[in-house]
Amino acid sequence: KQWYQRRVAITAGIDVIDTSQIDLLLVSHFHLDHCGALPYLLEKTNFKGRTFMTHATKASYKWLLADYIKVSNISTEERGGVLYNEKDLDNSLDKIETMNFHEEIEVNGIRFWSYNAGHVLGAAMFMIEIAGVKLLYTGDFSREEDRHLMAAEVPNVRPDILIIESTYGTHIHEKREVREARFTQTVHDTISRGGRCLIPVFALGRAQELMLILDEYWEAHPELHDVPIYYASSLAKKCMAVFQTYVNAMNDKIRRQISISNPFVFKHISNLKNIDQFQDIGPSVVMASPGMLQSGLSRELFETWCPDSRNSVIIAGYCVEGTLAKMIMSEPEEITSITGTRLPLKASVNYISFSAHTDYEQTSEFIRLLKPAHIILVHGEQSEMNRLKTALKREYEDQPETVMDIFAPANNEEIVLNFRGEKMAKVVGRLAAKKPKPGDIVSGVLVKRGFNYHIVSPEELQHYTDLSQGVILQKQTVPFTAPFSLLHHCLLQLAGVVEQVEQSGKNCLKVFDAVLVVQEKNKVLIQWEGSNMNDMYADAVLTLCLQIEANPQAIKQSSLRSITQGKDKSSFEDRVQKLLVEMFGEESVSYQPKLKYITVTVDSDKAVVNLKSYEVQCNCETLHQMITSAIRRLHIALTPVNVPMIAVT
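So, a few notes on the structure that sits alongside this text. None of the values given here were measured: they were computed from a predicted structure.

Running from N to C, helix α5 (residues 176–192) and helix α6 (residues 206–220) point in directions that differ by 65°, and their axes come no closer than 11 Å. Relative to α6, the crossing made by α5 is right-handed. Side by side, α5 and α6 meet where Glu-180, Phe-183, Thr-184, Val-187 and His-188 of the first sit next to Glu-209, Leu-210, Ile-213, Leu-214, Tyr-217 and Trp-218 of the second. Class assignment of the residues belonging to the contact of α5 with α6 gives a composition of 7 nonpolar, 2 polar and 2 charged.

So, on to the pairing of strand β8 (residues 124–130). Counting buried positions over the 7 residues of β8 gives 7, a clear majority of the element. Of the two faces of β8, the one holding Ala-124, Phe-126, Ile-128 and Ile-130 and the one holding Met-125, Met-127 and Glu-129 are both buried throughout. Sheet topology note: the strand β7 (residues 110–116)/β8 ladder contains 6 bridges and is antiparallel. Bridge pairing in β8 places Trp-113 opposite Met-127. The pairing of β8 with strand β9 (residues 133–137) spans 5 bridges and is antiparallel. Counted as the bridge partner of Phe-126 is Tyr-137 from β9. The turn joining β8 and β9, which pair antiparallel and follow one another in sequence, is formed by 2 residues; a positive phi near 55° is taken by Ala-131.

This part takes up the packing of aromatic side chains. Where two aromatic rings form a pair, the distance of their centres and the angle of their planes describe that pair. Using the criterion set out here, one finds 11 aromatic pairs in the structure. Ring centres of Phe-141 and Phe-366 lie 4.9 Å apart, and the angle between their planes is 55°; this geometry places the pair in the tilted category. Of the two residues, Phe-141 is situated in the loop between β9 and β10 (161–165) and Phe-366 in helix α11 (residues 360–370); the sequence distance between them amounts to 225 residues. Of the residues examined, Phe-366 reaches a relative accessible area of 0% and is grouped as buried. Pairing Phe-512 with Tyr-537 gives two aromatic rings, centres 4.2 Å apart and planes at 5°, and the pair type is stacked.

The subject of this paragraph is the environment of Cys-239. Within the secondary structure, Cys-239 sits in helix α7 (residues 236–245). Residue Cys-239 is classed as buried on the basis of its relative accessible area, which comes to 1%. Sequence-wise, Cys-239 and Ala-59 are 180 residues apart; in three dimensions their C-alpha atoms are separated by 9.1 Å. Ignoring sequence-local partners within four residues, the contact set of Cys-239 consists of Ala-203, Leu-204, Gln-208 and Tyr-231.

Bringing the nonpolar core into the picture now. With 84 residues, the main nonpolar core has Phe-183 and Ile-199 as its most contacted residues. The leading source of residues in this core is α6, at 8 residues. Ignoring anything within four residues of it in the chain, the contact list for Ile-199 reads Phe-183, Leu-210, Leu-214, Val-285, Val-286, Met-287, Ala-288, Ile-314 and Ala-316. Core analysis: the second largest hydrophobic core is formed by 28 residues, Leu-494, Leu-509, Val-511 and Ile-526 among them.

With that settled, consider α6. The first and last C-alpha atoms of α6 sit 22 Å apart over 15 residues, in line with the 21 Å expected at 1.5 Å per residue. α6 sits mainly inside the fold: 12 of its 15 residues count as buried. Residues of α6 that are buried include every one of Arg-206, Ala-207, Gln-208, Glu-209, Leu-210, Met-211, Leu-212, Ile-213, Leu-214, Asp-215, Tyr-217 and Trp-218, and no others.

In this section: a positive patch on the surface. Among the surface-exposed residues, Lys-62, Lys-70, Lys-237, Lys-238 and Lys-273 lie close enough to one another that they form a single positively charged patch. Among the secondary structure elements, those contributing two or more residues to the positive patch are α3 (55–75) and α7. In this structure, Lys-62 sits in helix α3.

What follows covers the sheet that holds strand β24 (residues 473–479). Strands belonging to one sheet form pairs held by backbone hydrogen bonds; the direction of such a pair is parallel or antiparallel. Across the sheet, 5 strands lie side by side as β24-β28-β27-β26-β25; this open sheet has antiparallel pairing. With partners counted over all chains shown, the strands left at the sheet margins are β24 and β25 (498–503), one partner each. Here the average twist between neighbouring strands, direction ignored, is 25°. With 4 bridges connecting them, strand β26 (residues 506–511) and strand β27 (residues 515–520) associate as antiparallel partners. Of the residues in β27, the one forming a bridge with Cys-508 is Val-518. Contacts from helix α14 (residues 484–495) reach β25, β26, β27 and β28 (523–529), with the element oriented near 10° to β26. Strand contacts of helix α15 (residues 532–550): β24, β26, β27 and β28, with the helix running at about 170° to β28, the strand carrying the most contacts.

How two helices pack is summed up by the angle between their axes together with the distance between the axes. At a minimum axis distance of 11 Å, the contact between α14 and α15 shows a crossing angle of 135°. Our classification of the angle between α14 and α15 gives oblique. For the pair α14 and α15, the crossing hand works out as right-handed. For the pair formed by α14 and α15, the contact residues are Leu-486, Leu-487, Cys-490, Leu-491 and Leu-494 on the first element and Ala-540, Val-541, Leu-544, Cys-545 and Ile-548 on the second. Per-class residue counts for the contact of α14 with α15 are 10 nonpolar, no polar and no charged.

How each quantity is defined
- Residues numbered from 1 in each chain as written.
- Predicted model: local features only at pLDDT ≥ 70, side-chain atom pairs only at ≥ 80, totals over all residues.
- Heavy atoms only, no water.
- Axes fitted to C-alpha atoms, helices over the stretch in contact; angles between N-to-C directions.
- Helix = DSSP H or I, 4+ residues; strand = E, 2+ residues; numbered from the N terminus.
- Left-handed = near helix turned anticlockwise from the far one by under 90°.
- Contact = heavy atoms within 4.5 Å.
- Nonpolar A, V, L, I, M, F, W, Y, C, P; charged D, E, K, R; others polar.
- Buried < 20%, exposed > 50% of the residue type's maximum accessible area, 1.4 Å probe, protein only.
- Pairing = 2+ DSSP bridges.
- Phe/Tyr/Trp six-rings, centres within 6.5 Å; stacked < 30°, edge-to-face > 60°.
- Core = buried A, V, L, I, M, F, W, Y, C linked by side-chain atoms within 4.5 Å.
- Expected span 1.5 Å × (residues − 1).
- Patch = residues over 30% accessible without salt bridge, like charges linked within 9 Å, V, L, I, M, F, W, Y side chains within 5 Å.
- Areas by Shrake-Rupley, 256 points an atom, 1.4 Å probe, with all protein chains shown as cover.
- Salt bridge = Lys/Arg side-chain N within 4 Å of Asp/Glu carboxyl O.
- Lys, Arg positive; Asp, Glu negative; His and termini not counted.
- Charge placed at Lys NZ, Arg CZ, Asp CG, Glu CD.
- Parallel < 35°, antiparallel > 145°, perpendicular 65-115°, else oblique.

All quantities given are derived from atomic positions and should not be read as evidence of function.
Rendered as structure tokens:
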């Protein structure tokens, strides 16, 4: 998923994608269709981003993929090996970071946090925020609480985009109590007729749910105590250790029970590592992996037991098209064994779904609570996704106030959504000490970090960024052979106040409390700290120095009043008006010759120039200084009346 040149991968499959462009990888849970390619991605591609999953997911990931590697090595020896090995898996563990539910983390401007998804232990939904746009990825999730897992949470934040699973499309699950009763009754009936009951399961997830149900049922039925229940998985002990470690990630019932006894220490269920340990001498119940009968112990037991009508198979989870588990749900008369021989199928086949995926009712309710503007359906067969898309559109067709774009893309199909993001800057530090009133101007430095903006005082830059405030010291040397006292006198006329200072044994004059004029042999050094205002002051001082140096005899002591008397008075007024027009534009200057004032308006600031006294009245100090300085400079430029005027540009 890509926003503002940030890319997030929310799975660990192998797709047509440049992995070097991915900033962040989020793994929702430990099932192989969501994390099976992770060691390959982390160890054999140019992926350089960061990877996150929950603590329980990482603990389960280690054991499940180790088992997957062993099985793959056996089944693919003739085809040249597998995608990765045990070393790649071990190395990948060091690159995986863990996170808690609701913990907020930020990576390269991508902010994300997770919610409990309820699907399997540690399963997470991820809320991702980039530049103010929020996306919720559900992964596999269930909104129904079961024996050990809580229902998926409903985020208290409304996402702009919802990427949601559509595994069951428009199907509706049985009520939990109904399917549990049907499950235990099917098992009991099989035992009663002297048969064996095979339950294909995955090592982690639904297996633990079914074991909780069976152990409780066996405890309540003494007549079954002599009938063994086996959990056939090479990962049995390791998987149960994970469940016992992360009890706090389960529902309230399990957390209460753990204080009395460990619910995952089963009284009536035994572990079975391989078929060599199994004595098939009477009725029994065996939960064996894999869950879709592709190979392994579950496939071996199925082929052994399927010709006997006393036996039964319970398909307890979702099955993918093309697998043996999916095929036998249509109850064919024969099946093809893994060696290619034909076997009669006389055992009963029962589909009782304990799959912890949402059905249509749960999906619809979840969407209704969140009301996202954009919905992207994933993790489903195309036909189921399209049926779900049609049903959801029909559900909201009579609600014009609810507008939702619903997509059911094919694999690798790109969806482009456009958002008009609003940028908001937070005022921090000393600038935030006082709450501004409407109309107040907040002045500071705008700092952008990722997609967050802050306004800070320049003096506090080092506290909020890696930057620090710097000062540009500007210097300019100009020839000057006139008496320094003459310059002092002219600066007094220009600035009103001149401070005499000494620096390194040299005579210095400081004007406007900003510009330092240093006397040197046949020249002066003008020095100031760079800023808009100080640069203007320095320009005025520089102009004055050049005028004096050009004709020192023409510079005479005079005052603004003398220049405004007699026949030159109207001429000077006209020149002030023209100067202000040049500075601020004709539309900003209003000349009232009869009322003897000029008004200058810049944005919301207004300055009034009295043409009798040439005093400037203005609430904006910056504008006041600019106009006052400009009139003084014009006065100085016009003072020499007996010699040709020097044009300064």
